[in-house]
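Below are the chains, spelled out letter by letter.
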Amino acid sequence: MSDSEKNKVTVEVHKRKYTVVGEESPEQIKMVASLVDQKMDEIQYSKPSFDTTQLAVLTALNTMNDYLKLKQDYDALVQKERKEDRK
């Protein structure tokens, strides 16, 4: 995808504006930013003393943990499907 085909979207996360450039649709980029913002708000609510960097790192750790769990579940389903197909 060329630079002219990329989308440039300004989003707000944790009361800061960011310009995101990517191949995803503007709606997808906005949704991802909104989910990150929500997760940071959740963590800040439970730990109000955390600064933005701490919130960002914990958000990244939580998100990656969720991703890995989903990937493991997906891989297990694919393996199960392959085994059933071989029968």
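Scroll up to find the structure this text is about.
Residues numbered from 1 in each chain as written. Predicted model: local features only at pLDDT ≥ 70, side-chain atom pairs only at ≥ 80, totals over all residues. Heavy atoms only, no water.

### Topic: the pattern of salt bridges
Alright, step 1. For the structure shown, the criterion picks out three salt bridges.
Alright, step 2. Between lysine 17 and glutamate 12 there is a salt bridge whose closest N-O contact spans 3.6 Å.
Alright, step 3. On the basis of relative accessible area, lysine 17 is assigned to the exposed category, the value being 64%.
Alright, step 4. Where aspartate 75 meets lysine 71, a salt bridge forms, and the shortest distance between an N and an O atom there is 3.2 Å. Pair noted here: aspartate 75 and lysine 71 are both in helix H2 (residues 52-86), with a separation of four residues, about one helical turn.
Alright, step 5. Residue classification places aspartate 75 among the partly exposed positions, given a relative accessible area of 33%.
Alright, step 6. Judged by its relative accessible area of 37%, lysine 71 falls in the partly exposed class. (Salt bridge = Lys/Arg side-chain N within 4 Å of Asp/Glu carboxyl O. Buried < 20%, exposed > 50% of the residue type's maximum accessible area, 1.4 Å probe, protein only. Helix = DSSP H or I, 4+ residues; strand = E, 2+ residues; numbered from the N terminus.)

### What to know about the layout of surface pockets
Alright, step 1. Roughly 230 Å³ of internal volume is contained in the largest pocket.
Alright, step 2. Along the walls of the largest pocket sit 14 residues, with Val13, Tyr18, Ala33, Val36 and Met40 positioned nearest its centre.
Alright, step 3. Listed by contribution, the elements that provide at least two residues to the lining of the largest pocket are strand S1 (7-13), strand S2 (16-22), helix H1 (26-46) and H2.
Alright, step 4. Per-element tally for the lining of the largest pocket: the top contributor is H1, with six residues.
Alright, step 5. Of the residues in the lining of the largest pocket, the class split is ten nonpolar, three polar and one charged.
Alright, step 6. Estimated volume of the second largest pocket: approximately 180 Å³. (1 Å grid on protein atoms, 1.4 Å probe; cavity = no way out; pocket = protein on both sides within 12 Å on 5 of 7 lines; lining within 4 Å. Points joined across faces, edges and corners; volume = space filled by probe spheres on them. Nonpolar A, V, L, I, M, F, W, Y, C, P; charged D, E, K, R; others polar.)

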